[in-house]
Amino acid sequence: IPHTATVKAILIANAHQYPFDRATRFQQGWGFADVGRVNAAHRNMFIENGDNPLQTGETWSTQVMRYTGHDPLKISLVWADEDGDPSASIALVNDLDLKVTAPNGTVFRGNVGLEDNLYSTGGGSFDRLNNVECVFIQRPLAGNYTIEVIAHNVAVDHYDDTPAIDQEFALVATMVNLNPVRPAIVVGPGPDDVNDPIVRTFNA
């Protein structure tokens, strides 16, 4: 059963985007929800359904393979944040980062380039304002893409199933080959030794 954040991530990654000469990012948001596209793409859609909560300093990562084709590669990260302070300059409470490394080594960071364009640009800085981060690659290379979710700051607990202060998230990648997906790994401070990495396996 998908979590709320997962449904949102699925809809964003499969939304129909309008050309910017018709509607800017601030006018169209992430696009128009397209359930037909979701249904057509479901066999080639990687989904992380909030099963790997992160603590500050931890990084969740996995690797997916992009097959040849003309469809864009779209990756969306969504998490349900805690209530922000309306008087704060930045309302975001728990801050996660999305990082995608292409087969040729190009690094894409969440939302970089997407304010002014339909597709992401490489480089840039991590987003410190939003609890939705996306990487949309218009002409993806064939090969392995490394996807990382980095817990920059988890200040308030948002996952009741563990005693730690952690944050769950949803991540969706479209138009990928699910057969060779590598197990997701979370690396960060262990419970007893800060140098002992935590390793968790993703269940498809």
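Here, the structure is the one placed above.
Report on the accompanying structure. (Residues numbered from 1 in each chain as written. Predicted model: local features only at pLDDT ≥ 70, side-chain atom pairs only at ≥ 80, totals over all residues. Heavy atoms only, no water.)

Here we look at the overall build of the protein
- What the protein contains, in helices and strands, is three helices and nine strands.
- Overall, the protein shows an N-to-C arrangement of helices and strands of α-α-α-β-β-β-β-β-β-β-β-β.
- The globule rule puts the C-alpha radius of gyration for 204 residues at 17 Å, and the 17 Å found for the protein is close to it.
- Its C-alpha atoms put the protein at 50 × 45 × 35 Å along the principal axes. (Helix = DSSP H or I, 4+ residues; strand = E, 2+ residues; numbered from the N terminus. Rg over C-alpha atoms; globule rule 2.2 N^0.38 Å.)

Description of the layout of surface pockets
- There is about 320 Å³ of room inside the largest pocket.
- Contributing to the lining of the largest pocket are 13 residues, with Arg25, Phe26, Trp30, Asn111 and Asn130 lying nearest its centre.
- Residue composition of the lining of the largest pocket, by class: five nonpolar, four polar and four charged.
- Of the volumes computed, that of the second largest pocket is approximately 200 Å³.
- Ala13, Ala15, Arg37, Pro72 and Lys74 are the residues nearest the centre of the second largest pocket, which is lined by 13 residues in total.
- Broken down by class, the residue content of the lining of the second largest pocket amounts to six nonpolar, four polar and three charged. (1 Å grid on protein atoms, 1.4 Å probe; cavity = no way out; pocket = protein on both sides within 12 Å on 5 of 7 lines; lining within 4 Å. Points joined across faces, edges and corners; volume = space filled by probe spheres on them. Nonpolar A, V, L, I, M, F, W, Y, C, P; charged D, E, K, R; others polar.)

Structural notes on unusual backbone geometry
- Its identity as a non-glycine residue notwithstanding, asparagine 111 has a phi of 75 degrees, on the positive side.
- Here asparagine 111 falls in the buried class, since its relative accessible area comes to 15%.
- The residue methionine 175 is not glycine, and still its phi comes out positive at about 55 degrees.
- Take methionine 175: it is sitting in the loop between β8 (170–174) and β9 (185–187). (Buried < 20%, exposed > 50% of the residue type's maximum accessible area, 1.4 Å probe, protein only.)

Here's the deal with the packing of aromatic side chains
- Scanning the entire structure with this criterion turns up three aromatic pairs.
- Aromatic side chains phenylalanine 46 and tryptophan 60 sit 6.3 Å apart centroid to centroid with 50 degrees between the ring planes, which places their arrangement in the tilted category. Of this pair, phenylalanine 46 sits in strand β1 (residues 45–49) while tryptophan 60 sits in strand β2 (residues 59–66), and the two are 14 residues apart along the sequence.
- Residue phenylalanine 46 is classed as buried on the basis of its relative accessible area of 2%.
- Take tryptophan 60: its relative accessible area is 0%, and that puts it in the buried class.
- With a centroid separation of 5.4 Å and an interplanar angle of 75 degrees, the aromatic rings of tryptophan 60 and phenylalanine 169 are classed as edge-to-face. (Phe/Tyr/Trp six-rings, centres within 6.5 Å; stacked < 30°, edge-to-face > 60°.)

A few points about the sheet that holds β8
- Pairing is antiparallel across the open sheet formed by four strands, whose spatial order is β1-β8-β3-β6. Every other strand in the sheet has two partners, leaving β1 and β6 (132–137) as the edge strands with one partner each. This sheet shows a mean twist of 5 degrees between the axes of neighbouring strands, independent of strand direction.
- As judged from the five bridges shared by β1 and β8, these two strands associate in the antiparallel manner. Residue pairing in the sheet places asparagine 49 in a bridge with alanine 170 of β8. (Pairing = 2+ DSSP bridges. Axes fitted to C-alpha atoms, helices over the stretch in contact; angles between N-to-C directions.)

Focus: the pattern of salt bridges
- Under the defined criterion, the tally for this structure stands at four salt bridges.
- Arginine 37 is the salt-bridge partner of aspartate 34, the closest N and O atoms lying 3.8 Å from each other.
- Since its relative accessible area comes to 33%, arginine 37 is described here as partly exposed.
- Arginine 128 serves as the salt-bridge partner of aspartate 95, at 3.0 Å between the closest nitrogen and oxygen. (Salt bridge = Lys/Arg side-chain N within 4 Å of Asp/Glu carboxyl O.)

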